Amino acid sequence: MEIGSDKNQIEDTLEKVAELLNEASISNKDSVRLTNLKHVQELIVYKNPELLDNFLDEILQFQLDKSGEVKKFVVSFIEEACKKDTETIFKLIDNFRYLLFDENVNVQKRAYLAMINIFKNTLKWVVRNQNKLNDEQKQTWYTLLDLKNHIASQLDSDNDGIRTCCIKFLESLILCMSERLKESIIPHVNKGDFSVDQLDQVETDLFNRDELKEEGRYHFKTLLEYTLSSHISSVNLISSICVLSNIAKQRPEFIQTVLETYSKILSNIPPTLGKSQLNAVKKQMKLQIQSICKSSLCVGFVSELTSLLSDLGCSPNEINRLIPKNISIESNKRRLNQAQTNLDSKKVKLNQDQKNQEKLIDSLVERLQSKENVTDLVLVSMTNLPDKMSLKFSQEYKAISNPGSVQQIRSLAQMLVTYIGENNFESTSQNILTVDDDDLDEEEDDDLKFKLKLKSEKIDYSETVGKHPIHRQSSVSTPSKTLPTNLNKSASNKTFKLNDVTNNIINKIDQTQLQDLYNKAHNRILETDENVNRNKHACIIRKKVLVESTTLPGYDQKLTNYVFEDVKKRIDLALIWLYNNYLKIKQCYHKKSTLENMKYKLENGLNIKEEEQMDIVEVGHEVTKMEVIEQNEQYILNQIEFYEAEYDRTLISILDSLQQRKEQKDLLFSKFITQVPYLTDNALNLLKNCCQDSEKFLFNMSTLSELIVTRSKQRNELLQILLQFTSLSNQVLRENACTICLNLYERKQFAQIIEDYAFNRLKYLSLPNPPSELINDLTEETQEMLDASTWNEDMIKSCLYLYLELIPVNHKLINGLSEVYIESVAEIKRVILKMLETPIKKMGMDSQELLKLIQDFPRNSETLVLRIIHILTEKSQPSIDLVNKVRNLYATKLPDVRFLIPILTGLTKAEVIAALPQLIKLSNAVVKEVFNRLLGINTNIPVHKSPVNPTELLVALHQIDQANCDLKTVINATSLCFAEKQIYTQEVLTSVMQQLIEITPIPTLYMRTVIQSLTIYPKLSNFVVIMMQRLIGKQIWKSPKVWEGFIKCCQRIKPLSHQILLKLQPAQLKEVFQVAPDLKEHLNKYVHSITPLERAQITTETMELIENL
Amino acid sequence: MAYSESPPEIQPLRFAVVCSSNQNRSMETHNIFNKKGLSIRSFGTGKEVKLPGPSITQPNVYDFNTTYDFMYKDLSNRDKQLYTQNGILHMIDRNRRIKPKPERFQENREHFDIIFTVEERIFDQVLEDLENREKELNQPVHIINIDVTDNHEDATIGAFILYELALMLQNSEDMDNEIDEILQDYESKIKRPILHSIAFY
């Protein structure tokens, strides 16, 4: 019945477990899977262990779970299962190993910690059953050894947590690999653990007691070294302190070393620890020391413990409370005995290093007894003390509790040894002694220390390699491939030498492989871009490597491609690259000048200093120094050539690529070119070409301008490029270049250069034929121009553009122009006059330089001056200054009336009238221009103030003396007036006629004007009648020309002329009738049509004349 | 497998907070951690639970086995006005809604990832207790101390300081590896010294 119920219960459990596992495997919640699995573990590990085998595989399935927690559970399950039955490990070893190398750090750590129990339990089991092991079990054991070595090497890990676990694991290893003594204080749970003394035989197939102990000591030493390393983290240090205390309590053979280590920790606190971290470390140490004090072990170490506690800041009271008084008295005796035995046993165990250390400490203790030595030491070190006490020191300093005591001197000696370097004792000892003896100065001392340290590290490394056969054995004999077995690595104190590693590699690998490796490495470095950016230091190194890599064939293109993949972000890399190349050139030049210097010194028999010879490459022994230097010089020259070509190539390729880009808005080209150290000829040409680009010329030219301003060293070359553009026939490019030039011209440093250039070009114009320089400068221009041997308009213009732009800014330049003008050929003069308008207008008539020119113009430049005056007055009233200048000119130097024309409106009425006869003699077109100016026709001048009004002008024309000007010219002139009907209106003409009639004698052309006026304005006829009647009163018949006109006029106004005719004396009337018989007929008709009364008023004589047909 | 599609859940860290009497500072923190959904237990390290009494020299002392409920009723009976006025009743009332009675750290054998303490003395006591325990699991536990003054206001501030730190630790990718840096940064941020040690179960 009972058996039945058991069976039932097992079946129930089976069912329950199956159900839980099923649920777990289909659940997608980590927590559900975890809970179920834990439940299963409860059931099959603790409750019904006999069921374990049934479900092992199912549970192990979960080690493939993606959840770290579930994997961790599997580890703990394995641990628990092995605890329950050690042999389980033989079934699970592969699973366990897999988990131990899981990618999840937390799973790894869990496995490391599980390994503590698994390893010691398995070790114990294997030791007991070593004679009965089958092959599979042996293999498992080897695998475990492999895993053990792997974990033990993890003090080197980058992960703090992993190192903590490793420290904890080392504790259990050291405990297993050392002897349990009767004094050992073993915690309850560890009572059953394995220790070396459980080995019955000294040596078996699998175990060697001494080797095991040796390995334990090795691990202990590694742990100590790690604990004392200066880069240890606070968590690791605290863990180490705990672990060391555990070891000390359970293995009294180590207690001395542990206490010494504690003391060393306190005297050499890792500098990386913060204040509160240090506090925590001390707390933990105090706790551990207290726990040692509470045990019976403290008996032998009262003085060490006291000094440690006092270093930790305990008050004497506290120390007395922790260390019972009776023990401390009693201890001294035991101490002496034990120290002796300790020393004896230790001597065997300690390696040579430790012995030496002891020796050194002893010798130091001896020397520190001497007051003189101590005084010397204090004095020597005084020089190294900072002026102010550091905060850290003042916070941490505690007065030495027992100054001058044997313990204190000893601990001081120990500190000195630690400080100087622990390993090379022989030479250090020597060194220490010399320090005491000869007051070594600080520098030498440091240097020596450094060398000693290097030496000692080497020794230490080789020793470690040679020493531990057991590791080698296990690593050779273990079959597992997945595990790294490099236990030989010691945790600290090793120097890494690249050559040691790479030499071997290089010998083994052929060139293509090497190239491949280079490529891959290079690619990786290229790809690190974003990751590295956060780390400034790494960033610098990366750039350096990339830039230097371009010296390998093909890598420069690769780097260029890389930069242009994302040029905005990576352009600085290109810049660094370029600068690197540039620096190489500079270095070469520096070397060259050093060499030249030396050569000079040699030639003159001067001494050459040692440091100067540093750069010299030896060529052989048989040659003289001079030859060596010359060969070096040749070499340097070649180098310079090479590097310059390299620089040029790099620069051009980058600039070209930048220019090729479609998107230019970011101005990268401009930014880059303004930052490069130096522009080569090719780069200048490239820039020149860029400036001609029809789309980008604006950007590029402003870049050029920026370069001119900022790059003083290459200013002239750059400026010449810009200047060349100012003579192009391409208007857009030229105008842009000119505008930039004008801007630059405002700056003093550029003005002279620009002016000189412009003036030189201008001067070409004084030559009869275009010079070859002109053509060379214009290589961008058409072939047509190149072929021309005489001046053509384009060429002439090309010499003028810039100069004419400059004139309005610097008026003085106008003189240069006038000089060239005089000497130039007719075609050039024509072009100059044509192009003069814009600059002259810009200068304006207030320009003193212009006025001066007008006043003192050189011979043969009349046309130029005339043109200038014309341009000045074309659209504005001439200024008084100008008028005076011209007036003087006219009066004194140049009686050419043409000069007056532009300033006519500025002259007085009298002057105008005086000049009129001369003026109207000029060609018709000029006269018309003169009248236009005087009458304000076709001018844009807003307020036209003419010295003469239209009436006055016409009157003046009539008054011109025929001696000065023939009548025909005057008639022409008056005709021009009549043509301007808008000005010479009916009213104006009326007024003219009235004024003229007052003049005596009547102007010859008077009647002509009357007739003209009548023709234009027939309505004037009544007015004309009155005028004519007045003429009769003036005895008009006495001036024959006018009388002729009078008669003509009478004919013209026929119906009305009877009034005039009837007023004539019969003699004159008769004359009229003789000239114009039609008038007689007309008058006859009229007389017959009037009333007799009216007729009666006509004199009979007249009537007769009329009647007498 | 069916569950392979969902993202892995973050395993909550097991937090504990320890003060002297498991009344004010630890319970305030317990309360906030609870509300924010972190895994939390609270403890005291004192021999007894001490609460302010009518004067400084006359504290109310209870055994750790006394329930909050009992304390509440007891104090209400003694001087309801006084204990209402100084906030003690309100505090105990809150505590009894969280858990039945105070717990003593030294008597608990649960395992944690992080133990917060609120006073250096308590930090020492916790370390000492952990040191004296039988160690079987070899699992590490971080002990972190930030001083918090024992009054209502500071307890609330302290609770938030601890919560913020807990959140950073919880959200770190590899807590063991990053804790050092997190604590150093946080120390300079809150301008209070942070003690940090490690022990093994």
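Values in this document were obtained by computation on a predicted structure and should not be read as measured data. (Residues numbered from 1 in each chain as written. Chains lettered and ligands numbered in written order. Predicted model: local features only at pLDDT ≥ 70, side-chain atom pairs only at ≥ 80, totals over all residues.)

What about the overall build of chain B?
Right, on to step 1. In terms of regular secondary structure, chain B is built from 6 helices and 7 strands.
Right, on to step 2. Helices and strands in chain B line up, N terminus first, as β-α-β-β-β-α-α-β-α-β-α-α-β.
Right, on to step 3. Every one of the 201 residues in chain B was classed for burial, and the buried ones make up 38%.
Right, on to step 4. The contacts in chain B between residues at least 6 apart in sequence include a share of 69% that link residues at least 24 apart. (Helix = DSSP H or I, 4+ residues; strand = E, 2+ residues; numbered from the N terminus. Buried ≥ 20, exposed ≤ 12 C-beta atoms within 10 Å, placed from the backbone. Contact = placed C-beta atoms within 7 Å.)

Comments concerning the overall build of chain A
Right, on to step 1. For chain A, the count of helices and strands is 58 helices and 0 strands.
Right, on to step 2. A burial count over chain A gives 33% of its 1109 residues as buried.
Right, on to step 3. Within chain A, residue pairs in contact and separated by at least 24 positions form 71% of the contacts whose partners lie at least 6 positions apart.

A word on helix α17 (residues 371–382) of chain A
Right, on to step 1. In a regular helix each residue adds 1.5 Å, so 12 residues correspond to 16 Å; α17(A) covers 16 Å between its end C-alpha atoms and thus fits that length.
Right, on to step 2. Taken across its 12 residues, α17(A) has 0 buried, putting it largely on the surface. (Expected span 1.5 Å × (residues − 1).)

Details of helix α50 (residues 986–998) of chain A
Residue and element names in this part refer to chain A.
Right, on to step 1. An ideal rise of 1.5 Å per residue puts 18 Å on 13 residues; α50 measures up with 19 Å between its terminal C-alpha atoms.
Right, on to step 2. Every buried residue of α50 is accounted for by L989, V992 and M993. Looking straight down α50, one finds its buried side chains confined to an arc of 95°; they lie on one side. Seen from the open side of α50, the exposed residues pointing more than 90 degrees away from its buried face are E987 and E998.
Right, on to step 3. Those residues of α50 that are buried are in contact with α48 (950–959), α51 (1006–1016) and α52 (1021–1033). (Arc of directions from axis to C-beta.)

Quick word on the interface of chain B and chain A
Right, on to step 1. Each side of the interface is counted separately: chain B has 32 residues, and chain A has 36 residues.
Right, on to step 2. Here the side of chain B that touches chain A takes 6 residues from strand β7 (residues 194–200) of chain B, the largest share from any one element.
Right, on to step 3. Each residue belonging to the side of chain B that touches chain A can be placed in one class, and the counts come to 11 nonpolar, 9 polar and 12 charged. (Nonpolar A, V, L, I, M, F, W, Y, C, P; charged D, E, K, R; others polar.)

Describing the confidence of the model for chain A
Low pLDDT marks regions whose predicted coordinates should not be analysed in detail.
All names here are of chain A.
Right, on to step 1. In the predicted model, chain A carries a mean pLDDT of 77, and 83% of its residues have values of at least 70.
Right, on to step 2. Here residues 346–350 is modelled with pLDDT under 50, and outside its nearest four sequence neighbours on either side it reaches 2 contacts, counting other chains as well.
Right, on to step 3. Note on residues 422–494: pLDDT is under 50 here. Beyond four places in sequence and across chains, it has 101 contacts. (pLDDT = per-residue confidence, 0-100.)

Comments concerning the packing of helix α2 (residues 30–47) of chain A against helix α3 (residues 52–60) of chain A
Residue and element names in this part refer to chain A.
Right, on to step 1. Where α2 contacts α3, the axes come no closer than 10 Å and their chain directions differ by 155°. In this view, α2 runs roughly antiparallel relative to α3, as classed from their interaxial angle. Crossing geometry of α2 relative to α3 is assigned as left-handed. Residues L37, V40, I44 and V45 of α2 pack against L52, F55 and I59 of α3. (Axes fitted to C-alpha atoms, helices over the stretch in contact; angles between N-to-C directions. Parallel < 35°, antiparallel > 145°, perpendicular 65-115°, else oblique. Left-handed = near helix turned anticlockwise from the far one by under 90°.)

Some points on the packing of helix α27 (residues 555–565) of chain A against helix α29 (residues 625–660) of chain A
All names here are of chain A.
Right, on to step 1. Relative orientation of the contacting elements α27 and α29 amounts to 30°, with a least axis distance of 11 Å. Between α27 and α29, the angle falls in the class roughly parallel. Here the hand of the crossing between α27 and α29 comes out right-handed. Contacts from D556, T560 and F564 in α27 reach T650, S653, I654 and S657 in α29.
Right, on to step 2. Split into classes, the residues belonging to the contact of α27 with α29 amount to 2 nonpolar, 4 polar and 1 charged.

Overview of the nonpolar core
Right, on to step 1. Within the largest apolar cluster, 132 residues are counted, with the highest numbers of intra-cluster contacts made by A:L722 and A:F1046.
Right, on to step 2. With 9 residues, the top contributor of residues to this core is helix α38 (residues 793–806) of chain A.
Right, on to step 3. Residues within four places of A:F1046 in sequence aside, it is in contact with A:M1007, A:M1028, A:L1031 and A:I1036.
Right, on to step 4. The next biggest cluster of nonpolar side chains, apart from the first, holds 130 residues, and it includes A:F62, A:I241, B:V118 and B:I161. (Core = buried A, V, L, I, M, F, W, Y, C linked by C-beta atoms within 7 Å.)

Things to note about the sheet that holds strand β2 (residues 39–44) of chain B
Residues and elements named next belong to chain B.
Right, on to step 1. The strand order across the open sheet formed by 5 strands is β2-β1-β5-β6-β7, and the pairing between neighbours is mixed. Looking along the sheet, the strands with just one partner apiece sit at the ends: β2 and β7. Going from strand to strand, the sheet's axes swing by 20° on average, the running direction of each strand aside.
Right, on to step 2. Two strands pair when backbone bridges link them, and strand β5 (residues 114–117) and strand β6 (residues 140–146) are joined in this way by 4 bridges, in the parallel orientation. Within the sheet, the bridge partner assigned to F116 lies in β6 and is I144. (Pairing = 2+ DSSP bridges.)

Some thoughts on the confidence of the model for chain B
Residues and elements named next belong to chain B.
Right, on to step 1. Chain-level statistics for chain B give a pLDDT mean of 89 and a share of 95% at 70 or above.
Right, on to step 2. In the model, residues 1–6 has pLDDT below 50 throughout and makes 8 contacts with residues more than four positions away in sequence or in other chains.
Right, on to step 3. The ipTM assigned to the predicted complex is 0.90, against a pTM of 0.47.

A look at unusual backbone geometry
All names here are of chain B.
Right, on to step 1. The phi torsion at N22 lies on the positive side, around 55°, for a residue other than glycine.
Right, on to step 2. Mapped onto the elements of the fold, N22 is located in the loop between β1 (14–19) and α1 (25–36).
Right, on to step 3. You can call N22 buried: it has 26 C-beta atoms within 10 Å.
Right, on to step 4. The phi dihedral of K191 is positive, around 55°, even though this residue is not glycine.
Right, on to step 5. When you line up the elements, K191 lands in the loop between α6 (175–190) and β7.
Right, on to step 6. The class for K191 is exposed, based on 6 C-beta atoms found within 10 Å.

Examining the environment of A:Q982
Residues and elements named next belong to chain A.
Right, on to step 1. Here Q982 is to be found in the loop between α49 (967–979) and α50.
Right, on to step 2. Residue classification places Q982 among the exposed residues on the basis of 7 C-beta atoms within 10 Å.
Right, on to step 3. Residues Q982 and I937 lie 45 residues apart in sequence; the distance between their C-alpha atoms is 9.9 Å.

Section: the pairing of β6(B)
Residues and elements named next belong to chain B.
Right, on to step 1. The buried count for β6 comes to 5 of 7 residues, which makes it a mostly enclosed element.
Right, on to step 2. Once the chain exits β5 it traverses helix α4 (residues 120–132) before rejoining the sheet at β6, and the crossover so formed is right-handed.
Right, on to step 3. Relative to β7, β6 runs antiparallel, the two being bridged by 7 bridges. Across the sheet, residue H142 finds its bridge partner in β7, namely I198. (Right-handed = clockwise from strand over helix to strand, strands pointing away.)

Structural notes on the environment of A:N743
Residues and elements named next belong to chain A.
Right, on to step 1. The residue N743 is located in helix α34 (residues 731–745) in this model.
Right, on to step 2. Residue classification places N743 among the exposed positions, given that 12 C-beta atoms sit within 10 Å.
Right, on to step 3. Spatially, the C-alpha atom of N743 lies 9.4 Å from that of S705, the residues being 38 residues apart in sequence.

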